[in-house]
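Here's the letter readout for the chains.
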Amino acid sequence: NNFMTNPFQRSRSYRTVTQSLILCAVMCLTLATPVTLHVSQQDVPEVSPQEQQKIVQEYICLKTALYHEARGEPIEGIKAVLSIIQNRKNHKDYPSTYCGVIKQPYQFSFYNTIKHDRTAYSASEAKVRATIASLAFEAAVGRFKGTLDPSVVMYHAKNIKNLPAWSTRAKFVVTIQNHQFYRS
């Protein structure tokens, strides 16, 4: 395997803080955003290569979903969308992984219509991408603390013309910026 494709499968000797630092460095280089790391040995548990691969996959799914679903939102809105994804992952009626939740057909508007845009982005866009990447990583490693009650598992954009059918049966909870959130 190529180191840049999968930095965690080079050897078992990388199952220490180095693994997390490499992943963080790759993320920072990808985002071109300077970050100061404050990590102690006790902060980084030892995980198997399979667990590391799962974390990377979950991170990529989350980062993509948050970018497409909430990039125009303030931090509270991004966290609320991430909370929905996390609440679904932890709910008995949804898949038990972030990628499973995100890839469910017709659950997230971007997933069936995604276009892989490779255009350059501005400094403000870089800041949003860095925020999204940081939150996605927190969630992928199990450190994100949701901002919505665990029963809140649905949302939609506030400005849509046709409300989803489920919105008449669900209990409205809150509007945060451009999204409305519901419990089932």
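Model, not experiment: these values are computed from the prediction.

Participant: I'm lost on the pattern of salt bridges in this one. Help?
Facilitator: Any two side chains of opposite charge can pair if their charged atoms end up close together. Overall, the coordinates contain three salt bridges when judged by the stated rule. The partner of E125 in a salt bridge is R129, and the shortest N-O contact between them spans 3.7 Å. Taken together, the residues E125 and R129, both in helix α5 (residues 123–140) and four residues apart, mark about one turn of the helix. Look at E125 and you get buried, because its relative accessible area is 18%. Residue D149 is joined to R183 by a salt bridge in which the shortest nitrogen-to-oxygen separation is 3.9 Å. Pair noted here: D149 is in the loop between α5 and β1 (152–157) and R183 is in strand β3 (residues 179–183), with a separation of 34 residues, a long-range link.

Participant: Just to check I follow, could you spell out the nonpolar core for this structure?
Facilitator: Within soluble globular proteins, side chains that are nonpolar tend to cluster in buried spots. Core analysis: the largest hydrophobic core is formed by 38 residues, its most contacted members being L62, L66, I85, I102 and F181. Looking at this core, the elements that each hand over two or more residues are α2 (49–70), α3 (75–89), α4 (98–102), α5, β1 and β3. Counting residues per element, this core draws most heavily on α2, at eight residues. Ignoring anything within four residues of it in the chain, the contact list for L62 reads L82, I85, Y98, I102, A136, A139 and A140.

Participant: What is the right way to look at the side chain of S167 in this model?
Facilitator: Of note, S167 is situated in the loop between β1 and β2 (171–176). For S167, a relative accessible area of 9% puts it in the buried group. Apart from residues no more than four positions distant in its own chain, S167 is found in contact with H156 and Y182.

Participant: How do you make sense of the packing of aromatic side chains when you look at a structure like this?
Facilitator: The geometry of two aromatic rings is summed up by the distance between their centres and the angle between their planes. Throughout the structure, instances matching the rule amount to five aromatic pairs. Residues F172 and Y182 carry aromatic rings whose centres are separated by 5.7 Å and whose planes lie at 75° to one another, so their mutual orientation is edge-to-face. Of the two residues, F172 sits in strand β2 while Y182 sits in strand β3, which places them 10 residues apart along the sequence. In textbook terms, an aromatic cluster arises when at least three aromatic residues are bridged by ring pairs, as seen for F108, Y155 and F181.

Cut-off values and rules
- Residues numbered from 1 in each chain as written.
- Predicted model: local features only at pLDDT ≥ 70, side-chain atom pairs only at ≥ 80, totals over all residues.
- Heavy atoms only, no water.
- Salt bridge = Lys/Arg side-chain N within 4 Å of Asp/Glu carboxyl O.
- Helix = DSSP H or I, 4+ residues; strand = E, 2+ residues; numbered from the N terminus.
- Buried < 20%, exposed > 50% of the residue type's maximum accessible area, 1.4 Å probe, protein only.
- Core = buried A, V, L, I, M, F, W, Y, C linked by side-chain atoms within 4.5 Å.
- Contact = heavy atoms within 4.5 Å.
- Phe/Tyr/Trp six-rings, centres within 6.5 Å; stacked < 30°, edge-to-face > 60°.

The analysis is restricted to geometry; functional conclusions fall outside its scope.
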